[in-house]
Amino acid sequence: MQLSNEEEDYNLSLSKFESMLKTNKVLFFDSEEFEEIILHYLDIGKANLAKKALKLALDQHPKSTGLKLVQVEMLVYDDKLDMAEKLLNELYAIEPNNEEIYIQKANICSKRDQHEKAVELLKIALQYTDDYADVYNLIGMEYLFMDNLEMAKENFIKCLEEDLEDQSALYNVVYCFEFLDQNQEAIVYLNDYINRNPYSEIAWHQLGRLHYGIKEYENAIRAFDYATLIDDEFLGAFMEKAKAYERLKKYPEAIESYNRTIELEDATSYALLRIGKCYEKLGNSAKAIQYYNQTVHEDPLLDKGWIAITDFHIRQKNFQKALFFVNKALAIDNQNRLYWKRYATINKQMNFFEEAEFGYRKAVEFGDYALDTWLYWVDILQFLGEFEMAIQTLLQATEYFPEENEIEYRLAGLYFMIQDTTKAKFHLSNGLRLNFDNYILIEDLFPVVWTKKTVKNYIEKHRK
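Rules and cut-offs
- Residues numbered from 1 in each chain as written.
- Predicted model: local features only at pLDDT ≥ 70, side-chain atom pairs only at ≥ 80, totals over all residues.
- Heavy atoms only, no water.
- UniProt positions renumbered as here; feature names shortened; annotations may be inferred.
- Helix = DSSP H or I, 4+ residues; strand = E, 2+ residues; numbered from the N terminus.
- Salt bridge = Lys/Arg side-chain N within 4 Å of Asp/Glu carboxyl O.
- Buried < 20%, exposed > 50% of the residue type's maximum accessible area, 1.4 Å probe, protein only.
- Polar contact = N/O pair within 3.5 Å; in protein donor to acceptor, adjacent residues only side chain to side chain.
- Contact = heavy atoms within 4.5 Å.
- Patch = residues over 30% accessible without salt bridge, like charges linked within 9 Å, V, L, I, M, F, W, Y side chains within 5 Å.
- Areas by Shrake-Rupley, 256 points an atom, 1.4 Å probe, with all protein chains shown as cover.
- Lys, Arg positive; Asp, Glu negative; His and termini not counted.
- Charge placed at Lys NZ, Arg CZ, Asp CG, Glu CD.
- Axes fitted to C-alpha atoms, helices over the stretch in contact; angles between N-to-C directions.
- Parallel < 35°, antiparallel > 145°, perpendicular 65-115°, else oblique.
- Left-handed = near helix turned anticlockwise from the far one by under 90°.
- Nonpolar A, V, L, I, M, F, W, Y, C, P; charged D, E, K, R; others polar.
- Core = buried A, V, L, I, M, F, W, Y, C linked by side-chain atoms within 4.5 Å.
- Phe/Tyr/Trp six-rings, centres within 6.5 Å; stacked < 30°, edge-to-face > 60°.
- Expected span 1.5 Å × (residues − 1).

Enquirer: Any chance you could break down the UniProt feature "repeat: TPR" (unreviewed entry) in the protein chain for me, citing the residues and the numbers?
Expert: Per the UniProt record, "repeat: TPR" (unreviewed entry) is found at residues 133-166, 201-234, 235-268 and 269-302. Helix and strand shares over residues 201-234 are 79% and 0% respectively, and the end C-alpha atoms of the span are 8 Å apart. Along residues 269-302 the backbone is 79% helical and 0% strand, and the end-to-end C-alpha distance reaches 8 Å.

This is the structure in C-alpha cells:
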C-alpha cells in the first residue's frame, strides 16, 4: 500500500524528531510539524515525549497560536485548568475569531461539569469553524453528560449530515434512540442513512441489532448479511447473525455463522458453547457434548460451560455425571441460586435427600423465591421428619405467596402432624377456600393425616 505525500511527510517528521532526541542535535521544524508530532505522542499516551516536543516547539515558534493551543490541550490533559484558562484568555485577546479557542474553553467547562456553559461556547465555535461535524459531535457529547438524550441525538444527527463517515456519531445516535426507547424511529433513521451511505457496515450492523431487539429476526439476518458482505471479517455481525438464526431455530445456519467467528479469531468459549447447544437442539448428542467439552477446555472458569454439560447429563438422566459437573460450576460461582437449584434437583433424583435439602436452602438464601423451590424444599424437610423447620419455611414463603393453596394445604398437613389441630384447621380452611379440589394434596403428601375421619369430615363440611 502506497502512502500519500502527507503521510510520508508526517512519518519523516517523526523519524527526524526521534533522531534528533537520540543525537541531542537541535533541528528546525515548522510549527505545523511540531503540532502533529505533539498530538501523535499524546494520542499514543507518551505524555513526556509530547511535553519535550512542546518545549522545543515553543522555543522555535514562541508566537505560534497553534502551538499555544496545543499547550492548552496539554495543560487540560494534566488537569491544570486555571493555567489553561489564563492562556486561552491571552489567545482570545489576539484571535477572538479562532474557533479552537472556544472549543478549548468548552473543554475546560466540561471538565468542571459546567456543561450548559460548554454548549454555549461550542455554539459560538460553530460561527467560526469549517469543521461543523466535529463541533456538533462535541455538543452532542455535552448533552449526553447532561442526560439530555433528545438534544444529544439531534446534534449527532447534525454531525452525520455534515460527515456521513463519522462512526462515533453513528454509534452515539443509535445509543440515544435506544435509550429513549425509540427503536422503530432508529430503524427509520438508519434506513435513511443507508440510502445515503449504503456501504456502511456499521449502519447495517446497528440496523440488524435493532431488528433483533424487537424480535424481527429475519430482518436482522438480512441486515447482518449486508454488514458481512461489506466486511467479510466483521466478527460482531457474524456473531449476531448466528444468534438470530438460533432464535429462528435454524440451527445449521447458526452453526455456520458461529464457525465463521472461530475462523476469524481464536475459538471463544461463547461460540463453542452456542454451537454445542445448536447440535443438541438438532439431536446430535455426540457433537453437542464434544463442543461442551471444548468450551470448558477453552475456558475452565466459564461456569456456564459446566452448567451446559450438567444440563446435558440431566436430560440424559445420567445424574451421577450431572452431579460431578454441577459441583464444578458451584466451585466457580457458589452464590448462583440457579446452580444450587440444579444441585438440589440432581440430589433429589438420586435420593440424596439431605444434600437436596441443603441445595434448596442455598437456592432460597441466594434469592430463588420461585414457588416450586419453596415447595420442593418443604417436601424434602417433611420427608426427613423436620416438621417444625418445614412449617417455618412455609410461613416464610407466605410472605411471597400470601394466597397460595399449595402452601396452605401443606401447613395444614404439617400442623396436623405435630398435633396442633387449631392451626391445622385454620390453614386447611384457607386451602379449601382458595382451591377446594386441591385437597387431594393432603392425601398425597400426608397419608397419615388423610386416614383421620375428622379431617375427611372437615373437608366434606366445606364442600360447596
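Okay, back to it.
Enquirer: Run through the pattern of salt bridges, naming residues and quoting values.
Expert: Pairing of side chains with opposite charge becomes possible as their charged atoms draw close. One pass over the structure, following the stated rule, counts 19 salt bridges. Where E154 meets K158, a salt bridge forms, and the shortest distance between an N and an O atom there is 3.7 Å. Residue E154 and its partner K158 are both found in helix α9 (residues 149-162); the two are separated by 4 residues, about one turn of the helix. For K158, a relative accessible area of 30% translates into the label partly exposed. The partner of D192 in a salt bridge is R196, with the nearest N and O atoms 3.4 Å apart. A residue pair is termed a helical-turn pair when its members lie 3 or 4 positions apart in one helix, as D192 and R196 do in helix α11 (residues 183-196) at 4 residues. One salt-bridge network, held together by shared partners, links K341, D368 and D372.

Enquirer: Talk me through the side chain of N405; I want residue IDs and the actual numbers.
Expert: Tracing the sequence through the fold places N405 in helix α24 (residues 405-417). With a relative accessible area of 11%, N405 lands in the buried category. Reaching out from N405, the side chain makes a polar contact with the side chain of N438 at a distance of 2.7 Å. Residues within four places of N405 in sequence aside, it is in contact with G431, L434, N435 and N438.

Enquirer: Describe a negative patch on the surface, naming the residues involved and giving the relevant values.
Expert: A contiguous patch of negative charge, built from D130, D131, D134, E161 and E162, is present on the exposed surface. Secondary-structure assignment places E161 in helix α9. A relative accessible area of 55% places E161 in the exposed class.

Enquirer: Please provide a residue-by-residue account of the packing of helix α12 (residues 201-213) against helix α13 (residues 217-230), values included.
Expert: It is the contact of α12 with α13, at a shortest axis distance of 8 Å, that shows an interaxial angle of 165°. When the interaxial angle is binned, α12 and α13 end up roughly antiparallel. Handedness of the crossing formed by α12 with α13: left-handed. Taken together, the residues of α13 that come into contact with α12 (itself represented by E201, W204, H205, L207, G208, R209, H211 and Y212) are Y217, N219, A220, R222, A223, F224, Y226, A227 and I230. Across the contact of α12 with α13, the residue classes break down as 10 nonpolar, 4 polar and 3 charged.

Enquirer: Break down the nonpolar core for me, citing the residues and quoting the values.
Expert: Considering soluble globular proteins, one finds that nonpolar side chains tend to be buried as a cluster. L170, V173, Y189, L190, Y258 and Y292 are the most contacted members of the largest nonpolar core, which has 85 residues in total. Element by element, the count of residues in this core is highest for helix α19 (residues 319-332), at 7 residues. Residue contacts for Y189: discarding those within four places in its chain leaves I157, L160, V173, F177 and R196. Counting 34 residues, the second largest nonpolar core, distinct from the first, contains L394, Y415, A424 and V455.

Enquirer: I'd love a proper account of the packing of aromatic side chains, names of residues and values included.
Expert: The relative placement of two aromatic rings is captured by the distance of their centres and the angle of their planes. Applying the stated rule across the entire model yields 21 aromatic pairs. Considering the side-chain rings of W306 and F325, the 6.0 Å spacing of their centres and the 15° angle between planes classify their relative orientation as stacked. Of this pair, W306 sits in helix α18 (residues 303-315) while F325 sits in helix α19, and the two are 19 residues apart along the sequence. Take W306 and F325: they sit in the same class, and that class is buried. Ring centres of W340 and Y343 lie 5.3 Å apart, and the angle between their planes is 80°; this geometry places the pair in the edge-to-face category. Here Y343 and W340 lie together in helix α20 (residues 337-349), a separation of 3 residues that amounts to about one turn. Owing to a relative accessible area of 8%, W340 belongs among the buried residues under this scheme. The structure contains a cluster of three or more aromatic residues connected by ring pairs, namely Y369, W374, W377 and Y400.

Enquirer: Could you give me a rundown of the environment of S31, with the residues and numbers involved?
Expert: Looking at the secondary structure, you find S31 in helix α2 (residues 31-43). Separated by 36 residues in the primary sequence, S31 and L67 have C-alpha atoms spaced 6.8 Å apart. Residue contacts for S31: discarding those within four places in its chain leaves H61, S64 and L67.

Enquirer: Hey, could you go over helix α10 (residues 167-179) for me, with residue numbers and the actual values?
Expert: If you check α10, its first and last C-alpha atoms are 18 Å apart, about what 13 residues at 1.5 Å a residue would give, namely 18 Å. Buried within α10 are the following residues: A169, L170, N172, V173, V174, C176 and F177.

Enquirer: So, unusual backbone geometry: which residues are in play, and what are the values?
Expert: The backbone of D181 sits at a positive phi, close to 60°, despite the residue not being glycine. Along the chain, D181 falls in the loop between α10 and α11. At K317, a residue that is not glycine, the phi angle is positive and equals roughly 60°. Relative to the elements of secondary structure, K317 occurs in the loop between α18 and α19. Relative accessible area serves as the criterion here: at 64%, K317 is assigned to the exposed category.

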